[in-house]
Amino acid sequence: MEAAAEPLRSVRRLSRVLLFLSQCYVLSGDENKLISHLTESTEIPPYMMKCPSNGLCSRLPADCIDCATNFSCTYGKPVTFDCTVKPSVTCVDQDLKPQRNFIINMTCRFCWQLPETDYECTNSTDCMTVACPRQRHLANCTVRDHIHCLGNRTFPKLLYCNWTGGYKWSTALALSITLGGFGADRFYLGQWREGLGKLFSFGGLGIWTLIDVLLIGVGYVGPADGSLYI
């Protein structure tokens, strides 16, 4: 009897061990789900970096609110839209009472129709600012935070090349007048070949020097990298 009962006890012990391991696995899975849920619930949305707490709802940046816009409004006319603050954003009304739904007043126009002072654009240093015809470059523009408009807040736009490499017009003109015979003005502007030509020809016997004074004075001769004077 003892020999026959021993295999039965072994099976019971094995079943208990398997039951214990299965319970541990289930508990660990629930724990991981709980940790994941807590992590997701405490994660701060990226737009919260731009949203001040307990400020006026009507002055919140556009990234902090959702508005029911209507593209059929008349361009250039005043229009009102119903807006709601995004989750986790707190704001108040004029009476300092908590508010989530409010009305915003704006002018009916798309973001790309805004004046240049209402958005910021990338600048390119790969185009010539001094050229005929004047060159343009394709820039990516982003509307400023507190400006409200219709459509995408980031848009491409063709802009005239307008950048500077740090060259001063007054310095170039002064060098042209005083040391132009030695090519100092051309060297300063990064035009090495012309500078060497003026140096070894003594400013073209004075004629080249005089011409450069006039050309630099009117801004016709600029930096070799194509940038504008400061």
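Report on the accompanying structure. (Residues numbered from 1 in each chain as written. Predicted model: local features only at pLDDT ≥ 70, side-chain atom pairs only at ≥ 80, totals over all residues. Heavy atoms only, no water.)

Attention now goes to helix α2 (residues 169–179). Three or four residues apart is the spacing at which side chains of an α-helix point the same way, because the helix has 3.6 residues per turn. When we look at burial in α2, the residues that qualify are Ala172, Leu173 and Ser176. In an axial view of α2, the angular spread of the buried residues amounts to 95°, which keeps them on one side of the axis. Residues of α2 that are buried in the fold lie against α3 (184–188) and α6 (207–217). (Buried < 20%, exposed > 50% of the residue type's maximum accessible area, 1.4 Å probe, protein only. Helix = DSSP H or I, 4+ residues; strand = E, 2+ residues; numbered from the N terminus. Arc of directions from axis to C-beta. Contact = heavy atoms within 4.5 Å.)

Looking now at the nonpolar core. In this structure, Leu60, Ile65, Val85, Val89 and Phe102 are the most contacted members of the largest nonpolar core, which totals 19 residues. Once residues lying within four places of it in the same chain are set aside, the contact partners of phenylalanine 102 are Cys57, Ser58, Ile65, Phe81, Asp82, Cys83 and Val85. With nine residues, the next largest nonpolar core counts Cys111, Ala139, Val143 and Leu159 among its residues. (Core = buried A, V, L, I, M, F, W, Y, C linked by side-chain atoms within 4.5 Å.)

A few words on the sheet that holds strand β6 (residues 101–107). Taken in spatial order, the three strands make up an open sheet running β2-β3-β6, and their pairing is antiparallel. Of all strands in the sheet, those with a lone pairing partner are β2 (65–67) and β6, marking the two edges. Strand-to-strand twist of the sheet, defined as the mean angle between neighbouring strand axes without regard to direction, takes the value 40°. With three bridges connecting them, β2 and strand β3 (residues 78–85) associate as antiparallel partners. Bridge assignment links cysteine 67 to a residue of β3, and that residue is cysteine 83. (Pairing = 2+ DSSP bridges. Axes fitted to C-alpha atoms, helices over the stretch in contact; angles between N-to-C directions.)

Sheets are built from strands paired through backbone hydrogen bonds, the pairs being either parallel or antiparallel. Across the sheet, three strands lie side by side as β7-β8-β9; this open sheet has antiparallel pairing. The open sheet has two edge strands with one neighbour each: β7 (119–121) and β9 (154–160). With direction set aside, neighbouring strand axes in the sheet form an average angle of 40°. As paired elements, strand β8 (residues 136–143) and β9 share seven bridges and run antiparallel to each other. Among the inter-strand pairings, threonine 142 is bridged to a residue of β9, identified as threonine 154.

This part covers the pattern of salt bridges. A full pass over the atoms with the stated rule returns six salt bridges. Between aspartate 63 and lysine 50 there is a salt bridge, and its shortest N-O distance comes to 2.9 Å. With a gap of 13 residues between them, aspartate 63 in the loop between β1 (55–56) and β2 and lysine 50 in the loop between α1 (2–42) and β1 connect regions that are remote in the sequence. You can call aspartate 63 partly exposed: its relative accessible area is 25%. Given a relative accessible area of 40%, lysine 50 falls into the partly exposed group. A salt bridge links aspartate 212 to arginine 186, with the nearest nitrogen and oxygen atoms 2.7 Å apart. Taken as a pair, aspartate 212 in helix α6 and arginine 186 in helix α3 lie far apart in primary sequence, 26 residues in all. (Salt bridge = Lys/Arg side-chain N within 4 Å of Asp/Glu carboxyl O.)

The subject of this paragraph is the packing of helix α4 (residues 192–200) against α6. Helix packing for two helices is described by the angle between their axes and how far apart those axes are. The interhelical angle for the contact between α4 and α6, taken along N-to-C directions, is 140°, at an axis separation of 10 Å. Comparing the axis directions of α4 and α6 gives the class oblique. When α4 is examined against α6, the residues Glu194, Gly197 and Lys198 are found in contact with a partner set consisting of Trp208, Thr209 and Asp212. (Parallel < 35°, antiparallel > 145°, perpendicular 65-115°, else oblique.)

As a further point, take the packing of aromatic side chains. One pass over the full model with this rule turns up four aromatic pairs. Ring centres of tyrosine 167 and tyrosine 188 lie 5.6 Å apart, and the angle between their planes is 85°; on these two criteria the pair is classed as edge-to-face. Pair noted here: tyrosine 167 is in the loop between β9 and α2 and tyrosine 188 is in helix α3, with a separation of 21 residues, a long-range link. Plain terms: the ring middles of phenylalanine 187 and tryptophan 192 are 5.4 Å apart, the flat faces sit at 55° to each other, and that makes the pair tilted. Directly above the ring of tyrosine 160 sits arginine 136, whose terminal nitrogen or CZ lies 4.3 Å from the centroid. (Phe/Tyr/Trp six-rings, centres within 6.5 Å; stacked < 30°, edge-to-face > 60°. Lys NZ or Arg CZ within 6 Å of the ring centre and 35° of its normal.)

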